[in-house]
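Each chain is listed here by its residues.
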Amino acid sequence: PGVKNEFRTSLSMNTALLVHPPVTAPQVPCPAASRAVGLVILGANFGAKIARQLARADGPVRVAGVCDLDAAKSRALAGELGVPVFENIDHVLADPDIEAVGVFTGPAGRGRLLERILQGGKHVMTTKPFELDPAEAARAFAAAERHDR
């Protein structure tokens, strides 16, 4: 009673979003306020475009490595950017100097990968749609909430 639902439709995504009630994001201290956050690029196809943009910018995020199933793509992009290659996601998650992972793989099955990264204590940056399966997307959101991300 007394709470107004707000319904918005995104034409670009052809999806609907129900906000009950409209939410304001909490103010959280940003670790990048004094230094850039180290981000590993996971997925060297589309991720290469993002990595190049981040490498050119003097912003709060710096590319700290590259990881891809195709080792040659990882080496090529890492060499271009002057950053290390991570052989697999386990190596990324084990590195205490890596604070975040940019997940730029295809969306099918990405929810489980996001969940694993969040459980590993890393922040996540990704693109939309981030998962095709609604149940997997919900699991990833729940993992983000559980791990304060």
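You'll find the structure just up there.
In this report, we go over the structure that sits alongside the text.

Definitions and cut-offs
Residues numbered from 1 in each chain as written. Predicted model: local features only at pLDDT ≥ 70, side-chain atom pairs only at ≥ 80, totals over all residues. Heavy atoms only, no water. Helix = DSSP H or I, 4+ residues; strand = E, 2+ residues; numbered from the N terminus. Buried < 20%, exposed > 50% of the residue type's maximum accessible area, 1.4 Å probe, protein only. Contact = heavy atoms within 4.5 Å. Expected span 1.5 Å × (residues − 1). Arc of directions from axis to C-beta.

Let's shift gears to the overall build of the chain. Each helix and strand in the chain was counted, giving five helices and six strands. Listing each helix as α and each strand as β along the chain from the N terminus yields β-β-β-α-β-α-α-β-α-β-α. Taking all 149 residues of the chain together, the buried fraction comes to 34%. Within the chain, counting contacts between residues at least 6 apart in sequence, those at least 24 apart form 50% of the total.

Our focus in this paragraph is the environment of Cys67. Along the polypeptide, Cys67 turns up in strand β4 (residues 61–67). Accessibility expressed as a relative area gives 3% for Cys67, which makes it buried. If we skip the residues at most four places from it in the chain, Cys67 touches Val40, Ile41, Leu42, Gly43, Ser74, Phe86, Glu87, Asn88, Ile89 and Val92.

Before going further, it helps to spend a moment on helix α5 (residues 134–146). The terminal C-alpha atoms of α5, which comprises 13 residues, lie 18 Å apart, in line with the 18 Å expected from a rise of 1.5 Å per residue. For α5, every residue scored as buried is listed here: Glu136, Ala137, Ala140, Ala143 and Ala144. Buried residues of α5, viewed axially, fall in a sector of 120 degrees; they line one side. Pointing more than 90 degrees away from the buried face of α5 are the exposed residues Pro134, Phe141, Glu145 and Arg146. On its buried face, α5 is in contact with α4 (110–119).

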